[in-house]
Amino acid sequence: MTPAPAPPEARRATVRRVRPEDAARMRALRLEMLADAPLAFLETVAQAAARPHADYAARIAAVSRGDHTAQFVADPGGRLVGHAGGTASPEEPGLTVVYAVYVTPTWRGSGLLADLIDGVAAWSRAAGRPELLLEVVVGNDRAYRAYQRLGFTDTGVRVPHPTVPALRELQMRRPA
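The present account deals with the structure reproduced in this document. (Residues numbered from 1 in each chain as written. Predicted model: local features only at pLDDT ≥ 70, side-chain atom pairs only at ≥ 80, totals over all residues. Heavy atoms only, no water.)

Focus: the overall build of the protein chain
Defined as follows: By the criteria applied, helices consist of DSSP H or I runs no shorter than four residues and strands consist of E runs no shorter than two, each listed in order from the N terminus. The atom set for the radius of gyration is the C-alpha atoms, and the globule formula is 2.2 Å times the number of residues raised to the power 0.38. Type-normalised accessible area, obtained with a 1.4 Å probe on protein chains alone, sets the label of each residue: buried when under 20%, exposed when over 50%, and partly exposed for intermediate values. Working rule for contacts: check all heavy atoms of both residues, and any pair within 4.5 Å makes them a contact.
When helices and strands are tallied, the protein chain shows five helices and seven strands. For the protein chain, the succession of helices and strands along the chain, N to C, is β-α-α-α-β-β-β-α-β-α-β-β. Taken against the 2.2 N^0.38 rule, which gives 16 Å for 176 residues, the C-alpha radius of gyration of the protein chain at 16 Å falls within 12% of a compact globule. If you line up the protein chain on its principal axes, its C-alpha atoms span 50 × 35 × 35 Å. Looking at the 176 residues of the protein chain, the share that counts as buried comes to 42%. In the protein chain, the share of contacts with a sequence separation of at least 24, taken over all contacts with a separation of at least 6, comes to 61%.

The structure is reproduced here in structure tokens:
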């Protein structure tokens, strides 16, 4: 008989910037993200699965360094269980846009979301960008409430969803 997994509060995962050697594990997490939350990300599972491993490896290597774009992962020492990215806003020099935030279902409620956002925020501050912005699909109340608990506030700005024209996204901001 397989033992039950430890409760979320008893598990630990290290949140850190992605490294080039994470490419295969990051690809696996990306496919999970797309299958679990298809409206939250900008490609389909089929598109991501069709991309060669070399493309993943190049992307991970690029975001593992520098202060323009970064990705952070939650690593419990096996399969990656969370992700959050940040990129410098081209329109606002002091702003980092948070993107592709995900926590695998069995780790939700463990505090990992806060740790991932904190990783992006620390990187953003170090790069001289004191503010964070993210977008949430209107109607995704669970995510909206989670981001509110982390200090994000609804700006009132609504924008079209980038891939599903019938949907809108709301913008939330907080200090980094």
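Things to note about the nonpolar core
Soluble globular proteins tend to bury their nonpolar side chains together. So the rule is basically this: Among the buried residues, those of types Ala, Val, Leu, Ile, Met, Phe, Trp, Tyr and Cys that are joined through side-chain atoms within 4.5 Å form a nonpolar core.
Judged by nonpolar contacts, the single largest core of 26 residues is most densely connected at Leu 132, Tyr 147 and Met 172. Listing elements by their share of this core, those giving two or more residues are β2 (69-75), β4 (95-103), α4 (112-126), β5 (131-137), α5 (141-149) and β7 (168-175). Per-element tally for this core: the top contributor is α4, with six residues. Contacts of Tyr 147, omitting those with residues within four sequence positions, involve Val 101, Leu 113, Ile 117, Leu 134, Val 136, Phe 152 and Met 172. Counting residues in hydrophobic clusters, the runner-up holds 15 residues, among them Ala 23, Leu 34, Val 63 and Ala 100.

A look at the pattern of salt bridges
Filter applied, for reference: We count a salt bridge whenever a side-chain nitrogen from Lys or Arg sits within 4 Å of a carboxyl oxygen from Asp or Glu.
Counted by the stated rule, this structure contains 13 salt bridges. In this structure, Glu 43 and Arg 30 form a salt bridge, with 3.0 Å as the shortest nitrogen-oxygen distance. One end of the pair, Glu 43, is in the loop between α1 (23-36) and α2 (45-50); the other, Arg 30, is in helix α1, with 13 residues separating them in the sequence. Accessibility classification places Glu 43 together with Arg 30 in one group, the buried group. In this structure, Asp 36 engages Arg 108 in a salt bridge whose closest nitrogen and oxygen atoms are separated by 2.5 Å. Within this pair, whereas Asp 36 is found in helix α1, its partner Arg 108 is found in the loop between β4 and α4, the two being separated by 72 residues in sequence. One network of salt bridges, in which partners are shared, links Arg 16, Asp 22, Arg 25 and Asp 75.

A few points about the pairing of β4
For clarity, the threshold we go by: If DSSP finds at least two bridges between two strands, the strands pair. A right-handed crossover is one whose linking path, passing over the helix from the first strand to the second, runs clockwise when the strands point away from the viewer.
With respect to burial, β4 is a largely interior element, seven of its nine residues being buried. When strand β3 (residues 82-88) meets β4, the two strands line up antiparallel, connected through six bridges. If you follow Gly 82 over to β4, its bridge partner there is Val 103. Between β3 and β4, which pair antiparallel in sequence order, lie six residues. Across three bridges, β4 lies against β5 in parallel orientation. In the sheet register, Thr 96 faces β5, and the bridge partner there is Leu 132. Traced from β4 through α4 to β5, the parallel crossover comes out right-handed.

Description of the environment of Glu 131
Within the secondary structure, Glu 131 is located in strand β5. Sequence-wise, Glu 131 and Thr 163 are 32 residues apart; in three dimensions their C-alpha atoms are separated by 26 Å. What Glu 131 contacts, discounting residues up to four positions off in sequence, is Gly 94, Leu 95, Thr 96, Ser 124, Arg 173, Arg 174, Pro 175 and Ala 176.

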